[in-house]
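So you can see what is in the structure, the chains are spelled out below.
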Amino acid sequence: MFVGYLPDIINKFKKNEVLTKVFGYLWEAIDEESEVFARISNLKAGESFEVFFDGGAKAIEQAYLTKTPQEAFYESHQAMVDFQMLVNGKEIFFVSPHSLCEVKTPLDSTKDLIEYHKSPYTSSILLFRGNLAVFESIDVHAGGIAVNTSELVQKVVVKIPKELIKLNF
C-alpha cells in the first residue's frame, strides 16, 4: 500500500507512458477548471463513468454515500493495482495484510475480486481530495467508510495492470 498527496508524488508516475497518462488524468480530476473534474463532480450517488487508457488501464469515476464500519466490504485484486483518489468528500479506508485475513469468497477472475471476512488486524487511513491510495494484491481494503456521518463521495478508481507498477522503496 502507498498513500500520497497527488501534487507531491508526480515523480512516481514517470516510470512508463501509461503511468504518465494516468497522472495527467488524475491531475485533471482535481483541477476545478477541467472537464474531468466537472464530470466527476456532477455524478450523483450510484452513478459511474469509465475511461479507458492504453496498456489495459481504466478509470472508474463514481459517486456514492459513505457507510458505517459494520457495512465494510473487504476485497483485494490479483491482476490489477487499485489507485483510489477522492475528488470531493472524505472517506475512511480499512486496510489489512492479506496473510492475516480469511477469504470469504475466492478469486472471481472475471471481476478480479477476492472477498474477505473482517480482520482484527486492520489499520485505517483517511482519504480526502487529491489524496491517492494505491492498493496492491497483498492489500485487503474496504473503502467508503463514513468519517462522522454519511456523505457523498465523488472519486476515481484507476485500475492498472500490476506488471506496469513498480512500487520501489
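This text follows the structure it describes.
Residues numbered from 1 in each chain as written. Predicted model: local features only at pLDDT ≥ 70, side-chain atom pairs only at ≥ 80, totals over all residues. Heavy atoms only, no water.

**Q** Which residues make up the overall build of the chain, and what are the values?
**A** Within the chain one finds two helices and 12 strands. Going from the N terminus to the C terminus, the chain shows its helices and strands as β-α-α-β-β-β-β-β-β-β-β-β-β-β. For 169 residues, the compact-globule formula gives about 15 Å, and the C-alpha radius of gyration of the chain, at 15 Å, lands near that figure. Each principal axis of the C-alpha atoms in the chain carries an extent, and together these give about 40 × 35 × 30 Å. When contacts within the chain are restricted to residue pairs at least 6 apart in sequence, long-range pairs at least 24 apart make up 78% of them. Between the averaged position of the 17 positive side-chain charges in the chain and that of its 23 negative side-chain charges there is a distance of 3 Å. (Helix = DSSP H or I, 4+ residues; strand = E, 2+ residues; numbered from the N terminus. Rg over C-alpha atoms; globule rule 2.2 N^0.38 Å. Contact = heavy atoms within 4.5 Å. Lys, Arg positive; Asp, Glu negative; His and termini not counted. Charge placed at Lys NZ, Arg CZ, Asp CG, Glu CD.)

**Q** Quick one: what's the story with the layout of surface pockets, residue by residue and with numbers?
**A** In this model, the largest pocket occupies a volume close to 330 Å³. If you go around the largest pocket, you meet 19 residues; those closest to its centre are Gln62, Tyr64, Glu75, Gln84 and Val157. Going through the elements one at a time, β3 (58-65), β5 (80-88), β11 (139-145) and β12 (152-161) are the ones with two or more residues in the lining of the largest pocket. Here the lining of the largest pocket takes four residues from β11, the largest share from any one element. Looking at the lining of the largest pocket residue by residue, the class counts come to seven nonpolar, six polar and six charged. (1 Å grid on protein atoms, 1.4 Å probe; cavity = no way out; pocket = protein on both sides within 12 Å on 5 of 7 lines; lining within 4 Å. Points joined across faces, edges and corners; volume = space filled by probe spheres on them. Nonpolar A, V, L, I, M, F, W, Y, C, P; charged D, E, K, R; others polar.)

**Q** Tell me about the side chain of Ser76, residues and numbers included.
**A** Secondary-structure assignment places Ser76 in strand β4 (residues 74-76). There is a polar contact of 2.9 Å between the side chain of Ser76 and the side chain of Tyr116. Beyond its immediate sequence surroundings of up to four residues, Ser76 is in contact with Asp112, Leu113, Ile114, Tyr116, Ser137, Asp139, Val140 and His141. (Polar contact = N/O pair within 3.5 Å; in protein donor to acceptor, adjacent residues only side chain to side chain.)

**Q** Mind laying out the pattern of salt bridges, listing which residues take part and the relevant values?
**A** Applying the stated criterion to the full structure yields eight salt bridges. In this structure, the salt-bridge partner of Lys58 is Glu50, at a minimum N-O distance of 3.5 Å. On the basis of relative accessibility, which here comes to 23%, the residue Lys58 falls in the partly exposed class. Here the residues in one salt-bridge network are Glu17, Lys21 and Asp54, joined through shared partners. (Salt bridge = Lys/Arg side-chain N within 4 Å of Asp/Glu carboxyl O. Buried < 20%, exposed > 50% of the residue type's maximum accessible area, 1.4 Å probe, protein only.)

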